[in-house]
Amino acid sequence: MVGMKNLFKILSIANTDYFTSQALVPPHIINENKEGLIIGSSCARGEIFELASTKSEVEVIEAMKWYDFIEIQPLDQYQILVDTEKVESMYKVVQIIKFIIDCANKANKPICATGDSHYIDEEQAIAREVFISTPAIGGGYHPLFDYRHRIKKYPIQNFKTTDEMLEAFKWLGEDKAYEYVITNPNKVADEIEYCYPIKDKLYPPSIPDSDDQLRNKCYENKKYPYNYKYYPKLY
């Protein structure tokens, strides 16, 4: 429950004290409220992927110390970086992911294959594309919106099955794909305490003899809306 309370606190701060055109939160706020939280390294727009694209091994490993596990996504999730010329080719993407894996192993951080999922079914992709292309409240667009229209197709970010994830990472070899898709995510899941974000049942006030008090009050006041001469059965 401590982690859930800290998460709610961080979200509240991000949406009030540090809100600009979107919710933001500086690292020191997370550090102050990190107890009970498990933090992953995020997607291609996260710190680790960006550092791995431009910085040294020492810098990447140092940054990884802050995270509890390191994430990698299916290759098609990175195509948008190639389309927008942030990464020169998919071959370069593969090299970056391999570099991240190597650094994570040296930092002794578990590697988890995550789907970067934003919706359940593939048919819902159109809704996200509309969301990305729609102007935000107060002006501006979603960070993925491409003003130069270089993106041929936004990646499909549905919730993938285990078999689909294994297929997406088979290029790493069967054993590594199993480790990153099944073994390590299960280890992370085992560390998560099951809790309810809201109460699981109703909690009405407890008043001694409340049923008798209500019944007596009803009988005492029934004479006001009803005339006992004409409605004797009520009495």
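Everything numeric in this text was worked out from a predicted model, so none of it was measured.

Caption draft 1: The arrangement of the overall build of the protein in detail. A count of helical and extended segments in the protein gives 10 helices and 2 strands. For the protein, the residues scored as buried account for 34% of the 235 residues in total. In the protein, the share of contacts with a sequence separation of at least 24, taken over all contacts with a separation of at least 6, comes to 65%. Averaged over its 28 positive side-chain charges, the protein has a centre that lies 8 Å from the centre of its 35 negative ones.

Caption draft 2: Fine view of a negative patch on the surface. A grouping of Asp121, Glu122, Glu123, Asp163 and Glu164 is seen on the molecular surface, where their side chains present a negatively charged patch. As for its placement among the helices and strands, Glu164 is situated in helix 8 (residues 162-168). For Glu164, a relative accessible area of 39% translates into the label partly exposed.

Caption draft 3: Up close: the side chain of Ser41. Here Ser41 lies in the loop between helix 2 (27-32) and helix 3 (47-54). Looking at Ser41, its side chain comes within polar contact range of the main-chain nitrogen of Glu71, at 2.7 Å. In this view, Ser41 contacts Gly46, Glu47, Ile48, Tyr67, Phe69, Ile70 and Glu71; residues no more than four positions away in its chain are not counted.

Caption draft 4: Focus on the pattern of salt bridges. Enumeration according to the criterion identifies 7 salt bridges in this entry. A salt bridge links Asp146 to Arg150; its shortest N-O distance comes to 3.0 Å. The buried category is assigned to Asp146, whose relative accessible area is 7%. With its nearest N and O atoms 2.9 Å apart, the salt bridge here joins Arg215 to Asp212. With Arg215 and Asp212 both in helix 10 (residues 210-221) and 3 residues apart, this pair spans about one turn of that helix. Of the residues examined, Arg215 reaches a relative accessible area of 43% and is grouped as partly exposed. Shared partners join several salt bridges into a network, and the residues in it are Glu57, Asp102 and Lys106.

Caption draft 5: Quick look at helix 6 (residues 90-106). Its 17 residues give helix 6 an end-to-end C-alpha distance of 24 Å, which sits within 8% of 24 Å, the value for a rise of 1.5 Å per residue. Looking at helix 6, one finds that the buried residues are Val93, Val94, Ile96, Ile97, Ile100, Ile101, Cys103 and Ala104. The secondary structure elements touched by the buried residues of helix 6 are helix 3, helix 4 (57-64), strand 1 (70-72), helix 5 (79-83), strand 2 (111-113) and helix 9 (174-190). Backbone geometry just after helix 6 places Asn108 at a positive phi near 60°.

Caption draft 6: Main features of the packing of helix 3 against helix 6. The interhelical angle for the contact between helix 3 and helix 6, taken along N-to-C directions, is 110°, at an axis separation of 9 Å. Between helix 3 and helix 6, the interaxial angle falls into the category roughly perpendicular. Of the residues in helix 6, those touching helix 3 at Ile48, Phe49, Ala52 and Ser53 are Ile96, Phe99 and Ile100. Looking at side-chain class alone, the contact of helix 3 with helix 6 contains 6 nonpolar, 1 polar and no charged residues.

Caption draft 7: Inspection of the packing of aromatic side chains at higher detail. Tallying each qualifying case throughout the model produces 2 aromatic pairs. Aromatic pair Trp66 and Tyr67: ring centres 5.1 Å apart, planes at 85°, arrangement edge-to-face. You can call Tyr67 buried: its relative accessible area is 7%. In this arrangement the basic side chain of Lys34 is found over the ring face of Trp66, its NZ or CZ atom lying 4.7 Å from the centre.

Caption draft 8: Examining the nonpolar core more closely. Ranked by internal contacts, the top residues of the largest apolar core, which has 42 residues, are Phe49, Met64, Ile72, Tyr78, Ile100 and Phe169. Leaving out residues up to four positions away in the same chain, Ile72 has contacts with Tyr78, Ile97, Ile100, Ile101, Ile111, Cys112, Ala113, Thr114, Phe169, Leu172 and Tyr180.

So, how was this worked out
Residues numbered from 1 in each chain as written. Predicted model: local features only at pLDDT ≥ 70, side-chain atom pairs only at ≥ 80, totals over all residues. Heavy atoms only, no water. Helix = DSSP H or I, 4+ residues; strand = E, 2+ residues; numbered from the N terminus. Buried < 20%, exposed > 50% of the residue type's maximum accessible area, 1.4 Å probe, protein only. Contact = heavy atoms within 4.5 Å. Lys, Arg positive; Asp, Glu negative; His and termini not counted. Charge placed at Lys NZ, Arg CZ, Asp CG, Glu CD. Patch = residues over 30% accessible without salt bridge, like charges linked within 9 Å, V, L, I, M, F, W, Y side chains within 5 Å. Areas by Shrake-Rupley, 256 points an atom, 1.4 Å probe, with all protein chains shown as cover. Salt bridge = Lys/Arg side-chain N within 4 Å of Asp/Glu carboxyl O. Polar contact = N/O pair within 3.5 Å; in protein donor to acceptor, adjacent residues only side chain to side chain. Expected span 1.5 Å × (residues − 1). Axes fitted to C-alpha atoms, helices over the stretch in contact; angles between N-to-C directions. Parallel < 35°, antiparallel > 145°, perpendicular 65-115°, else oblique. Nonpolar A, V, L, I, M, F, W, Y, C, P; charged D, E, K, R; others polar. Phe/Tyr/Trp six-rings, centres within 6.5 Å; stacked < 30°, edge-to-face > 60°. Lys NZ or Arg CZ within 6 Å of the ring centre and 35° of its normal. Core = buried A, V, L, I, M, F, W, Y, C linked by side-chain atoms within 4.5 Å.

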